[in-house]
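So the chains spell out like this:
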Amino acid sequence: MERKDFLRTTFAFCGLALIPSAIIESCTKQPNSGPSNVSFTLDLSQSANAALNTIGGALVAYSGQIVVIHAASGFLAISNTCTHQGCTVNYDTANKEFVCPCHGGVYNQTGAVVSGPPPAALTKYTVTQSGTVLTIKS
């Protein structure tokens, strides 16, 4: 066997040996999550937040990263970052669910996975209300 044939065969086998580790790495990747160290307020008396004055209303806040929902059970604050690959999910107020446009992942109103490839629920934030002011924290 000539030297160049030996090197070509050796490099081919080395390249094939790396494929399983790349597959394993893609499967063990940690899920994406929403922003951390969150702390902000929304005043329900301001017109910009009027959608939250009605049960079923929702708005996107915190630089477009968190959806605040006025559910029948109270207020919810959920990250809109898909846990699969970090795409921005859209909240469908009619169906009360989050839908990922990238791979079809679906989450319910509380952020739990309903279907699709997402490995984990959407990140939830604590919401407290004092009068007309909502405080959202991680």
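The residue count restarts for each chain, going from 1 along the sequence in the order it is written. Given that this is a predicted model, residues contribute local features only at a pLDDT of at least 70 and side-chain atom pairs are listed and counted only at 80 or more, while totals for whole chains, interfaces and linings are drawn from all residues. Derived side-chain values reflect all non-hydrogen atoms in the structure, with water molecules and hydrogen atoms excluded from consideration.

J.: Mind laying out the state of the cysteines, listing which residues take part and the relevant values?
T.: To count as a disulfide, a pair of cysteine sulfur atoms needs to be within 2.5 Å. Overall, the coordinates contain one disulfide when judged by the stated rule. Disulfide pairing places Cys87 opposite Cys102 at an S-S distance of 2.1 Å. Because the sign of the S-S torsion sets the handedness, a value of about -110° for the bond joining Cys87 and Cys102 places this disulfide among the left-handed ones. Pair noted here: Cys87 is in the loop between strand E4 (74–79) and strand E5 (90–92) and Cys102 is in the loop between strand E6 (97–99) and strand E7 (106–108), with a separation of 15 residues, a long-range link. Exposure classes here rest on a 1.4 Å probe applied to the protein chains alone. A residue is buried below 20% of its type maximum, exposed above 50%, and partly exposed in between. On the basis of relative accessibility, which here comes to 17%, the residue Cys87 falls in the buried class. Considering cysteine sulfurs only, Cys100 is the nearest to Cys82, which forms no disulfide, with 3.8 Å between them. The way it works is that DSSP assigns letters per residue, a run of H or I at least four long becomes a helix, a run of E at least two long becomes a strand, and they are numbered from the N terminus.

J.: A description of the pairing of strand E1 (residues 39–43) should follow, citing residues and the corresponding values.
T.: Only one face of E1 is covered, namely the face carrying Phe40 and Leu42; the face carrying Ser39, Thr41 and Asp43 is uncovered. Two strands are said to pair when DSSP picks up at least two bridges between them. Bridge count between E1 and strand E10 (residues 133–137): five bridges; the pairing is antiparallel. The residue of E10 that forms the bridge with Thr41 is Thr135.

J.: Account for unusual backbone geometry, naming residues and giving values.
T.: The backbone of Asn37 sits at a positive phi, close to 55°, despite the residue not being glycine. Relative to the assigned elements, Asn37 resides in the loop between helix H1 (3–27) and E1. Unusually for a residue other than glycine, Ser63 sits at a positive phi of about 55°.

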